[in-house]
Structures are given as C-alpha cells and as structure tokens.
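A closer look at the structure
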Amino acid sequence: MSYQYKSQTPDQLEAIAAQIHRGMADCCNGFVVDIEAIVERSGITIIPRRGNLHRLAFGYTARDPHYIVMSELTATHPPTYRYVIAEEFSHIILEWEVYDGKALPEGAQGHELTGAQHHTIEHEANYLSRAILCPREHFLSQFEVHKADSEKVDPSRPKVIRATVGLMARDFQVPLLFAGYRACDLALIKEAEMKTNFIDRIAF
Amino acid sequence: MHHPALEFGGWLKAKRQAHKIVARVFAMAIGLSPAEYAEVEFGIVKWLAEKQESLIVKMLELGAAEKTKFLSLLRKAREATALRFEMLFRREQLEPVRLCSPDGKQLTKDTKEAILDAVFAPL
C-alpha cells in the first residue's frame, strides 16, 4: 500500500500555527517568533554541520525525530536559517506518523514519494512555516501600517508592494520572498504581483 | 552510554536552556561556530579553550560553586576517552526524510547517501 499523506487546508494550517503560538507564547516576542526556542522546547535538537552539506541541503528532518540537521552556512543569514528550521519543524508536525519512531510507512521515504505527493507535502510545510513565523493577525495589521506609510511616499503599486514587503521581512526577521509569499497567502498581494516584483529579481 | 563528556554536555545544555539562550546565539557569544558548539553539547569538548571557558562562566552567570562544578565536569570530560561525532550517532538515525534543498528537487537515494557522508565528515 503506498503512503497516504493527509493533506491540510490553509485554514487548518493557520489553526495549527495559532495553536503553536498559544502553547509557546513566551517564544513570541512582539513580531519575532523564536522558532529555534520553539524547536528546542519541543525536544528537538538542531545539528548544524559543515562542508559539502550546503550544496545538497539547507536543512532536513532526520529519521530520528529528535533532530533537525542544518547546513551551518545557512546560519550566516539568520532569516534564512529561521525559515529552514520552521519548514523542517512543519514537516514533523504535519507527518508525525512518519517520525514517531516506528518503521517508516511504505512509500513515505523522500525518494519513494510521487511527484504530486512531494509537491503537496512541500507546499503545505512551506505554508505552515510561513504561518508560524508570521502570525496571521500581527502580519495583517503590520502590513496595513507599512502599506499606508509607503503610499504616502510613492503611491505607485509596485513601489508600495516592494517597500511594504521589505519592511515586513525586517519586522518578522524572515527572507524577503518569504514575507512576499506570506502576503500572498493572506491575499494582501496577488500571485502575479509577487512574480512581477520579486521572483525574477531576487534569488531566494 | 554513560560517559563524563556526555554528562558535561548535558549539564551545559540544561544551563544554557535555563538561561533561555538558543544554541546558535550562545555559540556566537562564546566564540564558536554553531557546528562546533553543537558538538560541545554532544560531549565533544575539544572545541573549548580557555577563552570559551571564561565566556561560558560569564554568559551563564555562574557563581563560585557552579563555576567549580563546571570546571570539574569539564576536567573529567577531557580526561575521558575523546568522543567523536560518528560514535554518538548512527547513519540510519540521521538519515534525511524531508529536505530543504538548494534546487528544490526531491530527495533521491544517491542524494541521501551523499548527505550522510557530508554530515558524518569531521568538522
């Protein structure tokens, strides 16, 4: 029997993130969610390693659920380090049955997944990582503040989007594209605007 | 496995966490890279020089009695057989299951083995 991944809706993923924020409230300082502290408090140890790892993986979840292995080089850019940790943590949350210490379900290994499964699993882990690092209500309110301020400087939509998303990335200490995708998740900017203003311009 | 260096690493980790400092930040504060400091908490104490000893005492605000305990645990760790990363983890244990890769591609069997070779390479 092939592995059956239980897909989650965006609302379900937002609810999971909200539950984490409530349970780890003292790890959420203003706009910045201390994902490294959340992971440690969850009994997971982050193992940074060096060398050739960076060409193969920025980070990964290990077969033993107590460990997330990270490329040490990623730590030189803390927003990216935080995003990768959040994404790997999201994998553990979303597929706990894969990590519960028993034998891996048949078909669940990374190389055994179908292309469609891989895409869905990665898409949802990425969504959940954004929801964790950029709490919905804080993101919505702060986006409006920065958008209003940006419009006073230059009302042109592309400039407002780039300025606002840049400030959001700063406030939440996440990579620029990450903040942009979060804005898309919450329908604050359109996907087409994301592609026009960011993807072709800046490497993630 | 009981080993004085494991006891030292565990003690240090508990103290750091009690001070609510994450490992990456603590590493920088005592002049180690994140990978070196992670090994220290696993009991690989070769990365600790006099500089790190005094910075750890300062960062963890160790009083006289705790400083004595810290130095005693560290001495016992150094006197014991030196631990290495490959003694502490099995390849199967750190096998990648889900991956954030530079090219966004799916994990393959070959990539899995290459990743493990990189992870188990000495720092």
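Right above here is the structure, for reference.
For the structure given in this document, a descriptive report is provided here.

Cut-offs and rules
- Residues numbered from 1 in each chain as written.
- Chains lettered and ligands numbered in written order.
- Predicted model: local features only at pLDDT ≥ 70, side-chain atom pairs only at ≥ 80, totals over all residues.
- Heavy atoms only, no water.
- Helix = DSSP H or I, 4+ residues; strand = E, 2+ residues; numbered from the N terminus.
- Buried < 20%, exposed > 50% of the residue type's maximum accessible area, 1.4 Å probe, protein only.
- Contact = heavy atoms within 4.5 Å.
- Areas by Shrake-Rupley, 256 points an atom, 1.4 Å probe, with all protein chains shown as cover.
- Salt bridge = Lys/Arg side-chain N within 4 Å of Asp/Glu carboxyl O.
- Core = buried A, V, L, I, M, F, W, Y, C linked by side-chain atoms within 4.5 Å.

This brings us to the overall build of chain B. Looking only at helices and strands, chain B has 7 helices and 1 strand in total. Shown N-terminal to C-terminal, the secondary structure of chain B runs as helices and strands in the order α-α-α-α-α-α-β-α. Dimensions of chain B, computed from the C-alpha atoms along their principal axes, are close to 55 × 30 × 20 Å. Within chain B, buried positions represent 48% of all 123 residues. Once local pairs closer than 6 in sequence are excluded, the contacts in chain B between residues at least 24 apart make up 66%. Per element, the accessible surface of chain B, about 6,200 Å² overall, is 55% carbon and sulfur.

As a further point, take the pattern of salt bridges. When their charged atoms lie close together, side chains carrying opposite charge are able to pair. Enumeration over the complete set of coordinates arrives at 26 salt bridges over all chains. Measuring nitrogen to oxygen at the nearest pair gives 3.1 Å for the salt bridge that ties Glu36 of chain B to Arg50 of chain A. Of this pair, Glu36 of chain B sits in helix H3 (residues 34–41) while Arg50 of chain A is found in the loop between strand E3 (45–49) and helix H3 (53–56), placing the two residues in two different chains. Judged by relative accessible area, Arg50 of chain A falls into the partly exposed class, the value being 27%. Between Lys159 of chain A and Asp154 of chain A there is a salt bridge, and its shortest N-O distance comes to 3.5 Å. Given the relative accessible area of 24%, Asp154 of chain A is considered partly exposed.

Of all hydrophobic cores here, the largest spans 60 residues; its most connected members are Ile35, Phe89 and Phe139 of chain A. With 8 residues, helix H4 (residues 78–94) of chain A is the largest single contributor of residues to this core. In this structure Phe139 of chain A touches Cys134, Met168, Phe172, Ala179, Arg182, Ala183, Leu186 and Leu188 of chain A, once residues within four positions along its chain are discounted. Ranked by size, the runner-up nonpolar core spans 44 residues in total, among them Ile47 and Ala62 of chain A together with Ile30 and Leu74 of chain B.

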